[in-house]
Amino acid sequence: MKIRSVSLGIIRREEDILVQVINYPGISTTFYRPIGGTIEFGENSKQALIREIREELNQEIEEPILISVIENIFGTEDDRGHEVNFIYEAKLKEKTLYELDEIEGIEGDIKYKAQWKPLNFFKTDSEDIKLVPDGLLDVLLKQDNPNISIIKHVRAN
C-alpha cells in the first residue's frame, strides 16, 4: 500500500463550493470532492492544484492559499486507502463560470459535471451523501480566520 498525496481546491461561490460528483457501481453513497488530484513526482502541492484544475476544467486559478492538511485513512481492512490532502482556497480567473450551475470537467478519460453545492447540503446524517476527504466539512465549517491553517488527522474505522 502506498500513501497518496493529493491537492484539492476549495472554490467558493458565496455559500457554495465547487465539487466533482462521484458515484461508484454498487454503492448507494454519492461522494462529493473538491476539484484536484494526485501530486506528481517533482511538483509541489500548489503546482499540482494549478495543473489539475487546468487539466480537469481547462481553467486557470488565481494564487491558491493553503488552508489545511488532512491525513485520511479510509476504507475497510480488505481495501484500505491512505491520503495526505493539501486543501487550498482558490478562485477561478474566468468569473463567468460562477454564474453557471455546472462546469464540464474531465478526470482522465471520464467526463463529469462539477456542481456548486452549499456547505449546508453536506450537513446531513444521510449515508447517501458524503463530502470527501473525511474531515473536510469540519475544517470548512470551523474555519473563521483565513490566515490560520488547520492540520487534521482522520482515521475512519
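As a starting point, this report considers the structure included with it. Since the structure is predicted, the reported quantities are computational estimates derived from the model, not experimental observations. (Residues numbered from 1 in each chain as written. Predicted model: local features only at pLDDT ≥ 70, side-chain atom pairs only at ≥ 80, totals over all residues. Heavy atoms only, no water.)

## Considering the overall build of the protein
What counts, and what does not: For the purposes of this entry, the term helix denotes a DSSP run of H or I that reaches at least four residues, the term strand denotes a run of E that reaches at least two, and both are numbered from the N terminus. Per-residue accessibility, obtained with a 1.4 Å probe over protein chains only, is compared with the maximum for each type, and a residue is labelled buried under 20%, exposed over 50%, and partly exposed between these values. Areas reported as accessible are Shrake-Rupley estimates using a 1.4 Å probe. Residue values count occlusion only from the protein chains shown.
A count of helical and extended segments in the protein gives 2 helices and 9 strands. Mapped in sequence order, the helices and strands of the protein form the string β-β-β-α-β-β-β-β-β-α-β. Here the protein, with 157 residues, has 46% of them falling under the buried criterion. As displayed, the protein has an accessible area near 9,400 Å², and 49% of this comes from carbon and sulfur atoms.

## Concerning the layout of surface pockets
For clarity, the cut-off: Throughout, the protein atoms alone are placed on a 1 Å grid, and a set of points is a cavity if a 1.4 Å probe fits but cannot get out or a pocket if it is open with protein on both sides within 12 Å along at least five of seven lines; lining residues have an atom within 4 Å of a point. Grid points are joined across faces, edges and corners, and a volume is the space filled by probe spheres set on the points. Three categories are distinguished: nonpolar for Ala, Val, Leu, Ile, Met, Phe, Trp, Tyr, Cys and Pro, charged for Asp, Glu, Lys and Arg, and polar for the others, with Gly belonging to the last.
Space inside the largest pocket adds up to approximately 850 Å³. The wall of the largest pocket is formed by 30 residues, among which Ile22, Tyr24, Phe31, Phe74 and Val132 lie closest to the centre. When residues of the lining of the largest pocket are traced back to their parent elements, those giving at least two are β1 (4-13), β2 (16-23), β3 (30-38), β4 (65-75), β5 (80-90) and β7 (110-118). Its residues assigned to classes, the lining of the largest pocket shows 12 nonpolar, 9 polar and 9 charged. A volume near 290 Å³ is recorded for the second largest pocket. Along its surface, the second largest pocket is lined by 15 residues, and Thr124, Ile129, Lys130, Leu131 and Asp134 are the ones closest to its centre.

## Brief notes about the packing of aromatic side chains
Cut-off, in case you're wondering: Only Phe, Tyr and Trp rings take part, Trp by its six-membered ring, and two of them pair if their centres are within 6.5 Å. Stacked means planes under 30 degrees apart, edge-to-face means over 60, and tilted covers everything else. Cation placement over rings: the criterion is NZ of Lys or CZ of Arg within 6 Å of the ring centroid and within 35° of the ring normal.
Applying the stated criterion across every chain yields a total of 5 aromatic pairs. The interplanar angle of 80 degrees and the centroid separation of 5.2 Å between the aromatic rings of Phe121 and Phe122 together place this pair among those described as edge-to-face. Of the residues examined, Phe121 reaches a relative accessible area of 27% and is grouped as partly exposed. Connected via pairs of aromatic rings, a cluster forms that spans Tyr32, Phe121 and Phe122. Above the plane of the ring of Phe121 lies Lys117, whose end atom (NZ or CZ) is 4.6 Å from the centre.

## A look at the pattern of salt bridges
Pairing is possible between side chains that carry opposite charge, provided their charged atoms lie close to one another. In plain terms, the rule: For this analysis, a salt bridge means a side-chain nitrogen from Lys or Arg found within 4 Å of a carboxyl oxygen belonging to Asp or Glu.
Tallying each qualifying case throughout the model produces 12 salt bridges. Notably, a salt bridge pairs Lys130 with Asp134, separated by 2.8 Å at the nearest N-O pair. Residue Asp134 is classed as buried on the basis of its relative accessible area, which comes to 13%. Here the residues in one salt-bridge network are Glu40, Glu43, Arg51, Glu52 and Glu55, joined through shared partners.

## Thoughts on helix α1 (residues 45-57)
Definition in use: Under the convention used throughout, the expected extent of a helix is 1.5 Å for every residue step, that is, one less than its residue count. Any pair of residues with heavy atoms lying within 4.5 Å of one another is described as a contacting pair. Between N or O atoms, a polar contact is any pair within 3.5 Å; within protein, one atom must be a potential hydrogen donor and the other a potential acceptor, and residues adjacent in sequence are included only when both atoms are from side chains.
When the terminal C-alpha atoms of α1 are compared, their 18 Å separation across 13 residues agrees well with the 18 Å that a helix rising 1.5 Å per residue should span. Within α1, burial applies to Ser45, Ala48, Leu49, Arg51, Glu52, Ile53, Glu56 and Leu57. Here the buried face of α1 lies against β1, β2, β3, β5, β6 (102-107) and β7. Structurally, the start of α1 carries an N-cap: the backbone nitrogen of Lys46 is 3.0 Å from a side-chain oxygen of Asn44.

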